[in-house]
Amino acid sequence: MGTLTDDELAALLAGPPHPEAWRAIAEHLIATEGEALEPLLHRVDAALADWPDELRQTMCGQPWDENLVQGVHDPRHRVVRSLRYDSVFVGRYGGLMMRSPPVKADGLHAMGQSPDSKVLTRINLRGQRLGPEAGAAFGAATCFDSLELLDLSGTNLGTEGITALAGATWLGHLKELRLANDACGDRAVLALSLSDHLDALEVLKLVNNRITAAGASDLAHSKAFRSLHELDLSDCPLGAAGAKALGSAPGLAKVAELGLRKCGLGPEGAAALARGVLRPTRVQLGSNGLGAAGIAALAEWEAPIESLDLTDDRLDANALRPLLEAPFATTLSELTLGHNDLADLRPVLELPALRRLTLPLNRLGPDAFVAAAAAGVRLEQLDVCDDRMGDEGLIAWAKTAAPLTALRASRNHIGADGARALGDASWVGTLERLDLERNPIGDEGGAAIARPLRAIEWLQLGNTGVGVAFAEALAASDARPKQLYLQGCPIGDAGVAALVDSLVLERCETLNLSHCGITDEGAKLLATAAPLKCLDVLHLNGNPIGDEGARLLAARSALGGDWMRVNLDTADLGTVATEALDQVPQRCCP
């Protein structure tokens, strides 16, 4: 943490919005005291006017987030727009983080009365065990008039807390309200439904609460939600009666995204939705036991559905045939069918608008992919993880003219023959995302895939046996991935040398080389590599890297603005190297 030169600050303020630019600016603000602070704040606030609010957020290791949630004034608060103080989270550079100290209700009350809160447009307190008192604090707040997003999921508000929150007069500007896992039920929904201040609300998430058909009925007939575009009641025991209530909802006419996963709907609930007035474009109905009867009922729905999630709904290929005659057959472009009983893809592939298909954990096997390829393929994105595609299935698919931009096929018994066929596919150069993790494709197979990659952004080949030949082929290709995962692959120091001696890593933000047989020699190459200018996180766990390599990596990471985190979990480091790593700033967010 430290100050910037005036030229460095000017460059950051004039440059594009970026989390690391915000971090450097924030650290500069913290290091500035006295009379210099006020003009600096004015300059920064004006320069960041067009930045997204979600980037201008409080972050770990800085005092102003703790001050803000306690209602303690800090002039730096004026440049903040987003308060992030969720309890447990995964940091931007990896690792599970826990926020400390916890938020208290009296601090929230002070925050709600503080003029510093007037600039906030987003508050995330997910997972803080606040209780009903927090709802009362928010309900009584007088300084949240700019707030557009409020996430109190998992804060244990309960019915009492949500009822108090629903009475807040500042809710009129709120666009998104998240109250998942909040130990509430129908009475809380009734309180929200009776609010006079939710006219602008566009997103309401009430996942995993005790909301039944009665609560669904209150939502459906309320005048409070006429602007609602997204409603998620997944993991709530609505039952078929709840689906019927939602289906007759004149007040939810604008809902375009409807989440009803694991709500106990059954075929009767599917029929109620289809007969109702809702006309969403994106629908999630997984784990509702729909079966063939439920799909037949859904096929009557006169809604312009573009995305449909039917994960774990007891479906085989024949059960899906009614979708071909559904009114939305011509608009359905994304279909999710994971964890069902499909053994044949052909009925699904007949959907004329289908471009994105997700179906992991079915019982397809290579014959299903061979038959599907023969029938013709128009997909752009395909996820078949754990579907036993095998070499035969991938070879057949590779011969099609499908212009895939994303292929996920981890754990599919694909070997070198399948990899070579993929490398020869006419469309492999269009791939932006490729996942073949835990397939035994080997070094030669990996090299065959690497050579033609041009558009790749995200490449996952962990535990596939690729090695030096692959690294050399990738280095010689036009690939410039932002995310590269090679964990468990024996590329060693020679593979590292090939990668860093090329431009293949010049855009790389995440590089996973854990358990790759890299020693001090490879660590030195990485620590001094010029192409690694965009790297956020480098995983080197499980490599036999000693003190010299660790010290060099620590020095590179400590520079900041370049590498942000090095994960180096190894047992044979000496005291000097361990201390050097410990001194590197541990960045976890924004």
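Look above for the structure.
What you see as residue numbers is a count from 1 along each chain, following the sequence as written. A pLDDT threshold of at least 70 governs which residues receive local features in this predicted model, and a stricter bar of 80 or more applies before side-chain atom pairs are shown or counted, although totals over entire chains, interfaces and linings include all residues. Side-chain measures here rest on the full set of heavy atoms in the structure, leaving out hydrogens and waters.

S.K.: Just give me the short version of the state of the cysteines, but keep the residues and values in it.
M.R.: Our working definition of a disulfide is a cysteine sulfur pair at a distance within 2.5 Å. The tally for this structure, following the rule as stated, stands at 0 disulfides. Just so you know, C385 is unpaired, no disulfide at all, and the nearest cysteine sulfur is the one on C489, 16 Å from it. For the exposure calls, accessible area comes from a 1.4 Å probe over protein chains only, and a residue counts as buried if that area is under 20% of its type's maximum, exposed if over 50%, partly exposed in between. Under the relative-accessibility criterion, C385 is labelled buried at 5%. You can see C489 has no disulfide; the closest cysteine sulfur is in C516, sitting 5.9 Å from it. Its relative accessible area of 0% is what places C489 among the buried residues.

S.K.: I'd like to hear about the nonpolar core, residue by residue, with values.
M.R.: Ranked by size, the top nonpolar core spans 181 residues in total, and within it W170, W301, L310, L357 and W397 carry the most contacts. Two residues qualify as a contact provided that any one of their heavy atoms is within 4.5 Å of a heavy atom in the partner residue. Beyond its immediate stretch of four places on either side in the chain, L310 contacts L285, G286, L290, I295, L298, L315, L320, L335, T336, L337 and N340. Definition of nonpolar core: a set of buried residues of the types Ala, Val, Leu, Ile, Met, Phe, Trp, Tyr and Cys, connected through side-chain atoms within 4.5 Å.

S.K.: So, helix α14 (residues 365-375): which residues are in play, and what are the values?
M.R.: Of all the residues in α14, the buried ones are G365, A368, F369, A372 and A373. Down the axis of α14, the buried side of the element spans an arc of 130°, and every buried residue falls inside it. Turned more than 90 degrees away from the buried face of α14 sit D367 and A374, all of them exposed. Looking at the buried side of α14, the elements it contacts are α13 (346-349) and α15 (390-398). Going along the chain from the N terminus, every DSSP run of H or I of four or more residues is numbered as a helix, and every run of E of two or more is numbered as a strand. Positive phi appears at G376, one or two residues downstream of α14, with a value of about 105°. Of all possible arcs, the one meant is that of the directions from the helix axis to the C-beta atoms.

S.K.: I'd like to hear about the environment of D493, residue by residue, with values.
M.R.: Its place among the elements puts D493 in helix α19 (residues 492-500). D493 sits in the buried class, given a relative accessible area of 14%. Counting along the chain gives 23 residues from D493 to C516, while the straight-line C-alpha distance between them is 8.7 Å. Apart from residues no more than four positions distant in its own chain, D493 is found in contact with G517, I518, T519, E521, G522 and L525. In protein, a polar contact requires one atom able to donate a hydrogen and another able to accept it; more generally it is a pair of N or O atoms within 3.5 Å, and residues adjacent in sequence count only if both atoms are side-chain atoms. In terms of polar contacts, D493 uses its side chain to reach the backbone amide nitrogen of G522, at 3.1 Å.

S.K.: Would you mind going over the pattern of salt bridges in detail, with residue names and values included?
M.R.: Basic side-chain nitrogens of Lys or Arg form a salt bridge, by our definition, when they fall within 4 Å of a carboxyl oxygen of Asp or Glu. Inspection of every chain in the model, using the stated rule, returns 26 salt bridges. Ionic pairing is found between R226 and D199, a salt bridge with its closest N-O pair at 3.5 Å. With a gap of 27 residues between them, R226 in the loop between α9 (213-221) and β8 (230-232) and D199 in the loop between α8 (186-193) and β7 (203-205) connect regions that are remote in the sequence. Under the relative-accessibility criterion, R226 is labelled partly exposed at 45%. Across the pair E444 and R420 runs a salt bridge, and its minimum N-O distance is 3.1 Å.

S.K.: Lay out the side chain of Q487 with the relevant residues and their values.
M.R.: Along the chain, Q487 falls in the loop between β18 (483-485) and α19. Given a relative accessible area of 14%, Q487 falls into the buried group. Of note is the side chain of Q487, whose polar atom sits 3.2 Å from the side chain of Q460. Q487 has contacts with E437, Q460, G462, N463, N512, S514 and C516, leaving out every residue within four places of it along the chain.

S.K.: Which residues make up the packing of helix α1 (residues 6-14) against helix α2 (residues 19-31), and what are the values?
M.R.: Fitted lines through C-alpha atoms give the axes, limited to the stretch in contact for helices. The angle between two N-to-C directions lies from 0 to 180 degrees. Closest axis-to-axis distance for the α1/α2 pair is 10 Å, and the angle between their directions is 135°. Considering the angle they form, α1 stands oblique to α2. Handedness of the crossing formed by α1 with α2: left-handed. Contacts between α1 and α2 pair L9, L12 and L13 from the former with A21, A24, I25 and H28 from the latter. Lys, Arg, Asp and Glu make up the charged group, whereas Ala, Val, Leu, Ile, Met, Phe, Trp, Tyr, Cys and Pro make up the nonpolar group; the residues left over, Gly among them, are polar. Classifying every residue of the contact of α1 with α2 by side-chain character gives 6 nonpolar, 1 polar and no charged. Geometric relationships in this document are graded by angle, where less than 35 degrees denotes roughly parallel, more than 145 denotes roughly antiparallel, 65 to 115 denotes roughly perpendicular, and other angles denote oblique. Definitions for this section: a left-handed crossing has its near helix turned counterclockwise from the far helix by less than a right angle. A right-handed crossing has that turn clockwise.

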